[in-house]
Amino acid sequence: MLAAGSLSLLGGGMVSCDDFLTVLPTDQITEEDFWQEKGDLDNVRAAAYKQMLNCTGKILIWGELRSDNLVLNEMDDASLKNLQQAVLQPTDENFDWAPLYTGINYCNLVLEKGEAMTVPGEEVDPSFRRSDWLPIKAEMYALRALYYFYLVRAYRNVPYVTVSIRTDAEAMRSKTPAVNGILILTNLIAQLEEAKEYAAENYGNSQDNKGRFTKRGVRALLSDIYLWRAAMLEKHADKDNDQNLVMPDGEELTDELVTLLKKESYEKSLENCNWILDDYQAKYDKDLLDNPSSGNTADKDLLYPYLLRIMGNSGSMSKTNVYDNVYYSLWGSKNSSESIFELQFDGSENVNNTINTYLSLSEGTSELSPKKMIGNPALVVTAVNSQSPSPSRGFGIGDFRLCETYSIVPNSSTYPIHKNITTSVTVYNSENVTDLSVNFSGSYRLKNSQNANWPVYRLSDVMLIKAEAIARLADPQAEATAEDGVNGLNEGFKLTNAIFQRYNPGMQATGTAGATLMSDRFKPDYATASPAKNAADLLKLVYNERQREYIAEGKRWFDIVRQAEASNDFADLFTTYIDLATNVKNRLRKIDAFYNPLYAEELKVNDNLKQNPVWDRYSK
């Protein structure tokens, strides 16, 4: 299961390691004597989260760098050049999954020991009972599921281990074979369905509420996994390891069951998204009731009033020197009201090196040095060159996310990423964000952006997951109707376009008298659109909006893999959803090619694993 380099982290009965919390001082106490109070369990629980911080580099490489969001800036990194060219070498340590399995092992250890410590009537710590344990169990189920979810999205079929490994010898003996990703996701769903009932709602402070799994976080993850399971259930002609698959309940995965599970998965994804959105609305209503004169009052009549707005509900605000309060809330101040789960970095004990290694490095209060990757100019050119207000792909001239994401310098065709590095953004001209586009009213983060949090789920994720589930549930040619309800196509368009609208405050609806920038995406009812909008239109819209929303967050390539799985139509994928070079597309003719190769060192340790057949030729 584990590469040799990770074994030392698990050996000797949890030997202390400088990279992790010291969870067991083996020179002073035996493991049997360690698990005597809740604080011991909390130390290992915290280590399980901390290990995820060490995985952000993998998340960015696997989920972002193969996509069309970024291009190479430094040409001396052979592994990244191969990645961008879809030539994936099994010897490349970027494909070493050991850091994620180390985190899974921590989760397994907490789950085992927490259950044993709280047996009713046999509690080892009188102040730590089963009722205290259940919320911790829920968050460990969720955190372990997140680790596995990244692995399934990156490799599809991986070893699935739910017991802790404490010694090198145990790890060497395990040699766990890979399990089909559909089965893994099905198991994760069952655990999260249980966890959502007893997960914590409030830990008492913002950092824990956003940095640990709560009810919202569990349901956000669950809705995403449902979406992915449905996509992966699509049968592929060149994918024989899904044939005759037996589900965890013993039922054979027949065509009839596939149809049923796909529909059920999309419906369950919707159900969990609706729960989160209803929770946001309830808390918004309560806050408004408790404080009627709050700043939220102006937005109360808007759709999704809990969605932050740059200029509020008033279009009369100045269109020049507009302070981007949404960016500051999401990225500048961290742990915003829209945040659901984000990895917590403080820049000292927990250091984020991923941004300044792969994206950009701040070298002063107003200087930015691009590193290995920069923004793809193709996403910027529609705004800079053609002055388009609402392109299907890329940024429009009035989209604040253009200058939230990139450092735009006049007469330059290089676009360094400064998202999550600068603390605040002011736009000089809301009708043309490329017009001397950004003014830092604050400064860059602490040197190297080492205290920048890493977002996993926020409100926009839930809205766009729901919109995608709506689109996939419907027949592709089905058209939006006024009567299709809160889970219908009309609602899907409204969810997606609400996110676009808040980042384009200088734009008005088509036909508005005197409007300089106009877009037909601001309709109150998409059932009346001409030409009529259908489910296929919604799915394309969702994907293009996700690309604008999540650049440099490790999500774009995973989105493309999901569409490849769900559609089984690569020709349409390469014309409608992503723009790749011809030689890259030629290497993506099978679904296996969208996934990572297994790390060569892993195959040496575990002879029960088989290399991804597409990349096996590089193993010879």
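Look up a bit, the structure's there.
Values in this document were obtained by computation on a predicted structure and should not be read as measured data. (Residues numbered from 1 in each chain as written. Predicted model: local features only at pLDDT ≥ 70, side-chain atom pairs only at ≥ 80, totals over all residues. Heavy atoms only, no water.)

A. Fine view of the packing of aromatic side chains. In total, this model carries 20 aromatic pairs according to the counting rule given. Ring geometry for tryptophan 97 against tyrosine 101: centres 5.4 Å apart, planes inclined by 70 degrees, an arrangement best described as edge-to-face. Exposure class is identical for tryptophan 97 and tyrosine 101. Each is buried. Among the aromatic residues, ring-to-ring pairing joins Trp62, Trp97, Tyr101, Tyr148, Tyr155 and Tyr160 into one connected group. Between the NZ or CZ atom of arginine 216 and the centre of the ring of tyrosine 280, over which it lies, the distance is 3.7 Å. Across from the ring centre of tyrosine 550, 4.4 Å away, lies the NZ or CZ of lysine 555, which sits over that ring. (Phe/Tyr/Trp six-rings, centres within 6.5 Å; stacked < 30°, edge-to-face > 60°. Buried < 20%, exposed > 50% of the residue type's maximum accessible area, 1.4 Å probe, protein only. Lys NZ or Arg CZ within 6 Å of the ring centre and 35° of its normal.)

B. Spatial organisation of empty space enclosed by the protein. Counting across every chain of the model gives six cavities of 30 Å³ or more. Counted as a void, the largest cavity has a volume near 140 Å³. Looking at the lining of the largest cavity, the elements that each hand over two or more residues are helix 8 (130–155), helix 12 (215–232), strand 11 (454–458), helix 18 (459–473) and helix 21 (556–567). With three residues, helix 21 is the largest single contributor of residues to the lining of the largest cavity. Of the residues that constitute the lining of the largest cavity, the class distribution is seven nonpolar, one polar and eight charged. (1 Å grid on protein atoms, 1.4 Å probe; cavity = no way out; pocket = protein on both sides within 12 Å on 5 of 7 lines; lining within 4 Å. Points joined across faces, edges and corners; volume = space filled by probe spheres on them. Helix = DSSP H or I, 4+ residues; strand = E, 2+ residues; numbered from the N terminus. Nonpolar A, V, L, I, M, F, W, Y, C, P; charged D, E, K, R; others polar.)

C. Representation of the packing of helix 21 against helix 22 (residues 570–577) within the structure. Contact geometry of helix 21 with helix 22 gives a least axis separation of 10 Å together with a crossing angle of 140 degrees. Compared by their axis directions, helix 21 and helix 22 come out oblique. Relative to helix 22, helix 21 is oriented so that their crossing is right-handed. Mapping the contact onto sequence places Arg556, Ile560, Gln563 and Ala564 in helix 21 and Phe570, Leu573 and Tyr577 in helix 22. Class assignment for the residues of the contact of helix 21 with helix 22 results in five nonpolar, one polar and one charged. (Axes fitted to C-alpha atoms, helices over the stretch in contact; angles between N-to-C directions. Parallel < 35°, antiparallel > 145°, perpendicular 65-115°, else oblique. Left-handed = near helix turned anticlockwise from the far one by under 90°. Contact = heavy atoms within 4.5 Å.)

D. Main features of the nonpolar core. Within the largest apolar cluster, 180 residues are counted, with the highest numbers of intra-cluster contacts made by Trp62, Leu151, Leu221, Tyr406 and Phe594. By residue number, the principal contributor to this core is helix 8, which donates 17 residues. In contact with tyrosine 406, not counting residues within four places along its chain, are Gly375, Asn376, Leu379, Val380, Phe395, Tyr415, Pro416, Ile417, His418 and Ile551. (Core = buried A, V, L, I, M, F, W, Y, C linked by side-chain atoms within 4.5 Å.)

E. Focus on unusual backbone geometry. Unlike most non-glycine residues, asparagine 335 shows phi in positive territory, near 55 degrees. As for its placement among the helices and strands, asparagine 335 is situated in the loop between helix 14 (325–332) and strand 5 (339–343). Residue asparagine 420 is not a glycine yet carries a positive backbone phi of 70 degrees. Exposure remark for asparagine 420: the relative accessible area of 5% places this residue in the buried category.

F. Structural view of the environment of arginine 521. For arginine 521, the position within the fold is in the loop between strand 13 (518–519) and helix 20 (535–549). A residue is classified by how much of its surface remains accessible, and arginine 521, at 8% relative accessible area, is buried. Sequence spacing of arginine 521 and alanine 498 is 23 residues, and the spatial spacing of their C-alpha atoms is 8.8 Å. Apart from residues no more than four positions distant in its own chain, arginine 521 is found in contact with Ser390, Thr496, Asn497, Phe500, Tyr526, Leu541, Glu545 and Arg548. Looking at arginine 521, its side chain comes within polar contact range of the side chain of asparagine 497, at 2.6 Å. (Polar contact = N/O pair within 3.5 Å; in protein donor to acceptor, adjacent residues only side chain to side chain.)

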